[in-house]
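Survey of secondary and tertiary structure
In case you want the letters, here they are:
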Amino acid sequence: GDSVTQMEGPVTLSEEAFLTINCTYTATGYPSLFWYVQYPGEGLQLLLKATKADDKGSNKGFEATYRKETTSFHLEKGSVQVSDSAVYFCALNAIYGGATNKLIFGTGTLLAVQP
Amino acid sequence: ETGVTQSPTHLIKTRGQQVTLRCSSQSGHNTVSWYQQALGQGPQFIFQYYREEENGRGNFPPRFSGLQFPNYSSELNVNALELDDSALYLCASSFGGQGDGELFFGEGSRLTVL
């Protein structure tokens, strides 16, 4: 079945460091891919998405490119801030019977940014 | 614009009991999904309701059931609680049964089963 694998955390970085969080997926068909973020004490929020191969999603300085050939959707940011500390989830949209918005999530990666 | 709200935020039950969790969807949204997030894991899809009908279900037993009301709010009911049901239950709303994966999540209801 469809699945998402992302790198385990925690990832600890100093402010202004470069961030990469790896995500690979297994899916039948052509899913859309997402990164959701969960800040402490808050619900999950959509960070960025890409709906087809070679699309690049971007938001708040974060980027991820949908790579069909490597089945990957790695999250990157050039310079992290303390406020980026959160849990990041990679997810794909499994089209379930054509009528369901079912997301399959990875296990999440905790990012801790130190000043 | 009102976001997704869930209640209660925390609750403790004992094994064998029943629980009802509630969710108010974001204004303008007609679709509600429920997810279970165990500690240290990603959310897992339980089911989705669109226009008051279930239109998709994950790998959860029938003792997990739900409802959606005409105002698009929703309930998740779990009967015969088991210890493994301890988790954060997330409600998410969206517009349209065939969504594009952009969900708006509430902060969740944390259930502890003793």
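First things first, this report covers the structure right here in the doc. Note that the structure is predicted; figures quoted are calculated from it, not measured.

This model, assessed by the stated rule, comprises twelve aromatic pairs over all chains. Ring centres 5.8 Å apart and planes at 65° place the aromatic pair Tyr36 of chain A and Phe105 of chain A in the edge-to-face group. In this pair, Tyr36 of chain A is assigned in strand S5 (residues 33–38) and Phe105 of chain A in strand S11 (residues 101–105), connecting sequence segments 69 residues apart. According to the relative accessible area criterion, Tyr36 of chain A is buried, its value standing at 0%. Assessed through its relative accessible area of 9%, Phe105 of chain A is described here as buried. Between Phe47 of chain B and Tyr49 of chain B, the ring centres sit 5.4 Å apart and the planes meet at 85°, which makes this aromatic pair edge-to-face. Using a relative accessible area of 6% as the deciding quantity, one classes Tyr49 of chain B as buried.

Take the interface of chain A and chain B next. At the interface, 21 residues of chain A touch 25 residues of chain B. Around 1800 Å² of area is buried between chain A and chain B when both sides are counted, 50% of it from carbon and sulfur atoms. Put simply, chain A and chain B have one salt bridge between them. In this structure, Glu102 of chain B and Lys49 of chain A form a salt bridge, with 3.8 Å as the shortest nitrogen-oxygen distance. For the side of chain A that touches chain B, the leading source of residues is S11 of chain A, giving four residues. Of the residues in the side of chain A that touches chain B, the class split is nine nonpolar, nine polar and three charged.

What counts and what doesn't
- Residues numbered from 1 in each chain as written.
- Chains lettered and ligands numbered in written order.
- Predicted model: local features only at pLDDT ≥ 70, side-chain atom pairs only at ≥ 80, totals over all residues.
- Heavy atoms only, no water.
- Phe/Tyr/Trp six-rings, centres within 6.5 Å; stacked < 30°, edge-to-face > 60°.
- Helix = DSSP H or I, 4+ residues; strand = E, 2+ residues; numbered from the N terminus.
- Buried < 20%, exposed > 50% of the residue type's maximum accessible area, 1.4 Å probe, protein only.
- Contact = heavy atoms within 4.5 Å.
- Buried area = accessible area lost by both parts, 1.4 Å probe.
- Salt bridge = Lys/Arg side-chain N within 4 Å of Asp/Glu carboxyl O.
- Nonpolar A, V, L, I, M, F, W, Y, C, P; charged D, E, K, R; others polar.

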